[in-house]
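Fold and contact review
So you can see what is in the structure, the chains are spelled out below.
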4 protein chains.
Amino acid sequence: MTTPTAQSPALGTDVPATMRASVLKRKGDMAMETLDVPRLEADQVLVQVAAVGVCGSDVHYYEHGRIGDYVVDHPLILGHELSGRIAAVGSEVDPARVGQRVAVEPQRPCRKCRQCKAGRYNLCPDIEFYATPPIDGAFAEYVTIQSDFAYDIPDNVSDEAAALIEPLSVGLWACERAQIKPGSRVLIAGAGPIGIIAAQAARAFGASEIYITDIAEDRLAFALEHGATHALNAITDSVEGLDVDAFIDASGAPQAVRSGIKAVGPAGRVILVGLGADDVELPVSFIQNREIWLSGVFRYTNTWPLAIQLIADGKVDLDILVTGKFTLAESEEALKAGKQAGQLKAVVYPGR
Amino acid sequence: MTTPTAQSPALGTDVPATMRASVLKRKGDMAMETLDVPRLEADQVLVQVAAVGVCGSDVHYYEHGRIGDYVVDHPLILGHELSGRIAAVGSEVDPARVGQRVAVEPQRPCRKCRQCKAGRYNLCPDIEFYATPPIDGAFAEYVTIQSDFAYDIPDNVSDEAAALIEPLSVGLWACERAQIKPGSRVLIAGAGPIGIIAAQAARAFGASEIYITDIAEDRLAFALEHGATHALNAITDSVEGLDVDAFIDASGAPQAVRSGIKAVGPAGRVILVGLGADDVELPVSFIQNREIWLSGVFRYTNTWPLAIQLIADGKVDLDILVTGKFTLAESEEALKAGKQAGQLKAVVYPGR
Amino acid sequence: MTTPTAQSPALGTDVPATMRASVLKRKGDMAMETLDVPRLEADQVLVQVAAVGVCGSDVHYYEHGRIGDYVVDHPLILGHELSGRIAAVGSEVDPARVGQRVAVEPQRPCRKCRQCKAGRYNLCPDIEFYATPPIDGAFAEYVTIQSDFAYDIPDNVSDEAAALIEPLSVGLWACERAQIKPGSRVLIAGAGPIGIIAAQAARAFGASEIYITDIAEDRLAFALEHGATHALNAITDSVEGLDVDAFIDASGAPQAVRSGIKAVGPAGRVILVGLGADDVELPVSFIQNREIWLSGVFRYTNTWPLAIQLIADGKVDLDILVTGKFTLAESEEALKAGKQAGQLKAVVYPGR
Amino acid sequence: MTTPTAQSPALGTDVPATMRASVLKRKGDMAMETLDVPRLEADQVLVQVAAVGVCGSDVHYYEHGRIGDYVVDHPLILGHELSGRIAAVGSEVDPARVGQRVAVEPQRPCRKCRQCKAGRYNLCPDIEFYATPPIDGAFAEYVTIQSDFAYDIPDNVSDEAAALIEPLSVGLWACERAQIKPGSRVLIAGAGPIGIIAAQAARAFGASEIYITDIAEDRLAFALEHGATHALNAITDSVEGLDVDAFIDASGAPQAVRSGIKAVGPAGRVILVGLGADDVELPVSFIQNREIWLSGVFRYTNTWPLAIQLIADGKVDLDILVTGKFTLAESEEALKAGKQAGQLKAVVYPGR
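Residues numbered from 1 in each chain as written. Chains lettered and ligands numbered in written order. Predicted model: local features only at pLDDT ≥ 70, side-chain atom pairs only at ≥ 80, totals over all residues. Heavy atoms only, no water.

**A word on the relation of the copies chain C and chain A**
Where we set the bar: All copies are superposed by least squares; the fitting set is the C-alpha atoms of residues with a pLDDT of at least 70 in both. We call two residues in contact when some of their heavy atoms are within 4.5 Å.
The two copies are related by a screw motion: chain C maps onto chain A through a turn of 180° and a shift of 0.0 Å along the axis, at an RMSD of 0.0 Å. Taken together, the turn and the small shift mark the pair as related by a two-fold rotation axis. The overlap is high: 100% of the interface residues of chain C also sit at the interface in chain A, so the same surface is used on both sides.

The structure is reproduced here in structure tokens:
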């Protein structure tokens, strides 16, 4: 599936010719297959995958066979939250990298367009992203990535935490765009994995009050233990009048978005992370009268170094999110696990 | 109506005790009255009003007796776009100001709250604004304003242009918030007074392409002569794919807002100036995927000095907007004038 | 000395007519005097002073009788780091404030000039600042301040910590201007009170590495316990090549400034807090080649609310700075205390 | 000299195997030579050079054989201000580009480091820059450049103007970093090519007052015709107290830098463009007290598109700078031309 445009001999250790992968053949149909190990381009590293987190978008491709305009019309390897170990390097990469434990930023921007050259490579129109048709992801023994998108991780960062830097990056990027800073008062809607991660990220950015809302009391209780300072029931509690500095939506629920916006004070910020309907009715005059800034996040830019630092320093704890562990052959079960009560994050271990 | 909390002897020239004013008694009912000239506070100036522009909000109060939560339940003097001459000054103001021609910024922030002290006095929760119940406006021979909100104007700025600095300020503030800069490509929806002013403001900020949309061909033709570089018919032409850096809505029309947003490129900005429905359905996933920033303007902050400079330098021309001239006694006609074809801006002259 | 321009009856509790104050008569000459309690303006509160920190500028006025163009040519009350309790309020202030414990921001901007209205009131050309001729400071039983510059403090903030919010504000403002954020690597020159405070502030802003330099090993050891992550001896260790994101000078030593600048990476920031010579030779081509931004701090703007939050949350600890306690009558000893080894901060208690 | 790391067949028109070039053999020694036409990498274009401006740094290499740490210890082709026509393209470049007239941005960032990925590719530590040892420049019939650094130019932009986009970029980048905007008041020191270009750039950014200083009255007169609004003699006129929003130094003279800084108002900006001594004594306490931001420019980032737009729109006129025209064989004369009175910019035409 991966078709490198150039090929160079891999400098590495005993890399086999083939590998096992869990492939989404079509909507609802996963199969274990033996595939060629992807060949390295000159600026890439070959990563032996250690751990892969399951994301809602993986589940969505599995269940629906598409997300918006991206359609699974050819077999696709899912998975874009990953860590591993460098098994080989391309011809332009320092051979000393072989053996390093790394967290992978699963995107390949063009580096040449207006967006890339302005430092916004996440908005590159030609970007390739793991597990987004037709680009394969990480439910496999090996993947390739440009060397500068594979970040060394220290020993005190677990494989699971390193994999979950991907969703952490979403939270960090949301906090950066929300301009969270010391003393900020923040509202987060949704106490799922992204909401809890956003709460931890907001705390790391210095927020002094972090309100989180959900309809599930167990999730709220968990969020209070791991980042949030206040929990509110989305059905019975009102957030209006909180006048927070920032509102981060991690629910994708239109009603949560609308009420969250009304909790924002003058000159505050709204960052929509959750994906829901394409079109949502928003309180526009409220936004105008308070000169609130509203935007979203589309993935992230340059977040891995900070993420690694925060985990290594103990300011963010991702291991607490892992509620299910699966072998590569159990990938389909991993995709289904998130639907069950009490589950936050399933992790697949391609080496098992 | 105006009830100063402190009073001091006016230092000025022959100010009479009473004045004529055009008063909105209740919805749809205007009357000429003789009122006491407002008394000066220590930090204020008394301005003999020369020219007052008619704004859509004035018309709305006249026709509906309210805007949102602001209800005309007592007689109210309308008008908040004004220029004049200083007739007297409060005890703390330099007497040399008497006689100066001034443009009036018609708001009184508290100067003490978090927003004021952060430089965002337009978002002051305790602000008083002309012609917004219960604060009187400028359809009268005299008004008072804090001295630092009455700006000297040079001889080459007409009374009318000086009055129209108020709507120009809306356009400048929109361009500043939209981060228009040299080379920017901008879309403006609505070729009414605010749209044309925004086009001129965008040109002054260095925009290289300024697209404007409207359904009226005569307005589009006029806009092309006065700021816009391209005109598009809102019904027959599509703006999608323009990928502009900024979209400024001056129409308040939900459909124009939605299609305008879809004309914005990655990392672009949307500034909603036009007032329409409280709630509008917006293309949220489009905003997220392009990380577009969306906000509105609520009046303006610190715009008068720049506005005066731009008019004096000939970079903005407001005189071309004046399509009707009325005496104070004709205020009601002035309020009705805007509805007629070809009319852009009515001006009332309280001294006539 | 204080000459209010308007006077109104104080609404308060048993305020005496006179008070004790420690007055700098002229260079090197302090005397206890009995003075009239300052009279309140309408928008002010009268604060019964609880604690006053001694600042280097107080010492400088005492020793030299001047700082730059500011000359002590009339008797002056020193002290501008203070906390206390509201004893009375002016006519426009809520009487419920009487009795509140407060931290005082010791400045009075004009609120009307270009700088004030842009949110930079510290740069107001007409600002009055405590203990800066001819404005009296806080080595006295009572002072007046505009109500919005007297901030309520919670019970878990000590009088001393509340007083030291003033120097903390310098550190917070330096970190804000230095754009310290999560993961930042920071160098601070000088492990005196401001250096240690800046280190704590940088930590609160999320800095991951905080290098501090000094020539005194005991100060370095103390700094390592209270904010810094790395200590360097300014004589024997080199900072070149650290490539930090920000350098904050709290030493005022030209050599420390020069070497500190050379420790800054591309696009980094230099904030000069320490006061030294008017003119300093700087490595200009280094600044140009790395596009480093260099500036200073002049006091602070809008920092008290964050400071109070950080202290109350235990993220900053100011009490550890207090190394000497003095009665009002001992003010002169307090001014001399800072010269002694091991001394960081002297505090005067006007109520004792 | 140029040693491509990869080679691919050039897709182009009749490109010869060899070319003429004017080579700096060593300090003060220029020679015409016949060299191989540089071979294309996959992402590059081969440009047949039309015009090359002579920059002060070219002259410095010619006269001194070095600039700072960059030493001409091997033969070097000078010239980095250039335009031309695409003669051939690398294997990854659209063949339709052959024949296009282009302006060349003469730098090759690595695109992978922290600075590049943050949108600051000019600060890339591994950047290659034309005419900086050991990278060859443009005093030759052909050069190569990455395709995205060769920008199409419209017919109404002359070869000379296209070449001078390089120094214009310095001026635009200075204005961007100085945050020049509509209404800004700007001081520029030095009315040489960069000073005049900076004045035109400031005008394009909307500056309302543009003061320029020099010691040569003819240069001042010329600057007044082409961008500046006020001219001041650096010897007889004082700039102190101007309180400008921004000061751009294009002189490199320490005294001009010092007096220029003292002309800056509170919160203003200083951008040092001119290269002078490595270390300069600066008025540090003045900078601190006004919280002035001081920085420099190191080349530029992402300026070509705006530059082309401004020239094409007639907002900037670079042709007026050309005071000498030379064939390739006359390169040495071109390098000497700038020393003569009345000379601003020499241009070399490698095709002549």
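**So, the domain arrangement of chain A**
All names here are of chain A. Basically, it comes down to this: Boundaries between domains were set according to an automatic or database domain assignment. The term buried area means the drop in 1.4 Å probe accessible area that two parts suffer when joined, counted for both and summed. A side-chain nitrogen of Lys or Arg and a carboxyl oxygen of Asp or Glu constitute a salt bridge if their distance falls within 4 Å. Here a polar contact is taken to be a pair of N or O atoms separated by no more than 3.5 Å, where protein atoms must pair a possible hydrogen donor with a possible acceptor and residues adjacent in sequence count only if both atoms sit in side chains. Amino acids outside the nonpolar list (Ala, Val, Leu, Ile, Met, Phe, Trp, Tyr, Cys, Pro) and the charged list (Asp, Glu, Lys, Arg) are all regarded as polar, and Gly is one of them.
According to the domain assignment, chain A consists of domain 1 (18-164 + 318-349) and domain 2 (170-296). Taken over C-alpha atoms, the centre of domain 1 sits 28 Å from the centre of domain 2. Taken together, the 8 residues of domain 1 in the interface contact 11 residues of domain 2. Summing both sides of the interface, domain 1 and domain 2 together bury roughly 700 Å²; the carbon and sulfur share of this comes to 70%. For the domain 1 face of the interface with domain 2, the top three residues by lost area are Ile320, Leu321 and Leu344, together amounting to 63%. If you look at where domain 1 meets domain 2, you find 0 salt bridges. Applying the counting rule to domain 1 against domain 2 returns 1 residue pair in polar contact (both at pLDDT 80 or more). Looking at side-chain class alone, the side of domain 1 that touches domain 2 contains 4 nonpolar, 3 polar and 1 charged residues.

**Some points on the pairing of strand β22 (residues 345-349) of chain D**
Residues and elements named next belong to chain D. Note the following rule: Think of it in three bands: residues with accessible area under 20% of the maximum for their type are buried, residues over 50% are exposed, and the middle band is partly exposed, with areas taken using a 1.4 Å probe on protein chains only. Helix and strand definitions here come from DSSP, where helices need a minimum of 4 consecutive H or I residues and strands a minimum of 2 consecutive E residues; each element is numbered from the N-terminal end. A pair of strands is treated as paired once DSSP finds two or more bridges between them.
Most of β22 sits inside the fold, with 5 of its 5 residues counted as buried. On β22, burial covers both faces: Lys345, Val347 and Tyr349 on one face and Ala346 and Val348 on the other are all buried. As judged from the 2 bridges shared by strand β4 (residues 44-53) and β22, these two strands associate in the antiparallel manner. Looking at β22, one finds that glycine 53 is bridged to valine 347. For strand β21 (residues 322-327) and β22, the ladder comprises 5 bridges, and the chain directions are parallel.

**So, the sheet that holds strand β7 (residues 76-77) of chain B**
Residues and elements named next belong to chain B. With respect to topology, 3 strands assemble into an open sheet ordered β3-β2-β7, the strand pairing being antiparallel. Lying at the two open borders of the sheet, with one neighbouring strand each, are β3 (29-36) and β7. Bridge count between strand β2 (residues 18-26) and β3: 8 bridges; the pairing is antiparallel. Of the residues in β3, the one forming a bridge with alanine 21 is glutamate 33.

**Here we look at the sheet that holds strand β3 (residues 29-36) of chain A**
Paired through their backbone hydrogen bonds, the strands of a sheet run either parallel or antiparallel. Taking strand neighbours across the sheet as the criterion, the 3 strands line up as β3-β2-β7 (chain A) in an open arrangement whose pairing is antiparallel. In the strand order of this sheet, the two ends are held by β3 and β7 (76-77) of chain A, each with one partner.

**Comments concerning the interface of chain B and chain A**
The interface is formed by 36 residues belonging to chain B together with 36 residues belonging to chain A. Taken together, the two surfaces of chain B and chain A that pack against each other cover about 3200 Å², and 53% of this comes from carbon and sulfur. Per-residue buried area on chain B facing chain A is highest for Gln288, Glu291 and Trp293 of chain B; these three make up 25% of the total on that side. Counting across the interface, chain B meets chain A through 4 salt bridges.

**Quick word on the packing of helix α4 (residues 165-177) of chain B against helix α9 (residues 304-312) of chain B**
Residues and elements named next belong to chain B. The condition that has to hold: Axis definition: a line fitted to C-alpha atoms, over the contacting stretch in the case of helices. Angles run 0 to 180 degrees between N-to-C directions. When an angle is under 35 degrees it counts as roughly parallel; over 145 it counts as roughly antiparallel; between 65 and 115 it counts as roughly perpendicular; any other value is oblique.
Two elements in contact, α4 and α9, have axes whose closest approach is 10 Å; the angle formed by their N-to-C orientations is 105°. Judged on the interaxial angle alone, α9 and α4 are roughly perpendicular. Mapping the contact onto sequence places Ile165, Glu166, Leu168, Ser169 and Leu172 in α4 and Trp304, Leu306, Ala307, Ile308, Leu310 and Ile311 in α9. Its residues assigned to classes, the contact of α4 with α9 shows 9 nonpolar, 1 polar and 1 charged.

**Examining the environment of alanine 189 of chain C**
Residues and elements named next belong to chain C. Its location among the elements puts alanine 189 in strand β14 (residues 185-189). On the basis of relative accessibility, which here comes to 3%, the residue alanine 189 falls in the buried class. A C-alpha to C-alpha distance of 7.8 Å links alanine 189 and valine 257, two positions 68 residues apart in sequence. With residues near it in sequence (within four places) discarded, alanine 189 still touches Thr213, Phe247, Ile248, Asp249, Ala250, Ser251 and Ala256.

**Here's the deal with the packing of aromatic side chains**
What counts, and what does not: Pairs were defined over the aromatic rings of Phe, Tyr and Trp, the Trp ring being its six-membered one, requiring ring centres within 6.5 Å. Orientation was assigned from the angle between planes: stacked under 30 degrees, edge-to-face over 60, tilted for the rest. A ring is considered to have a charge above it if a Lys NZ or an Arg CZ atom is located within 6 Å of its centre and within 35 degrees of its normal.
Per the counting criterion, the structure on display carries 14 aromatic pairs over all chains. Consider the rings of tryptophan 293 of chain A and tryptophan 293 of chain B, whose centres lie 6.4 Å apart with planes at 80°: the pair is edge-to-face. Separated into two different chains, tryptophan 293 of chain A in strand β20 (residues 293-296) and tryptophan 293 of chain B in strand β20 (residues 293-296) make up a pair that spans both. Exposure class is identical for tryptophan 293 of chain A and tryptophan 293 of chain B. Each is buried. An aromatic cluster is defined as three or more aromatic residues linked by ring pairs; in this entry it consists of Tyr151, Tyr300 and Trp304 of chain A. Sitting over the face of the ring of phenylalanine 149 of chain D, lysine 117 of chain A holds its NZ or CZ atom 3.8 Å from the ring centroid. Seen from the ring of phenylalanine 129 of chain D, arginine 299 of chain D lies directly overhead, with NZ or CZ sitting 3.8 Å from the centre.

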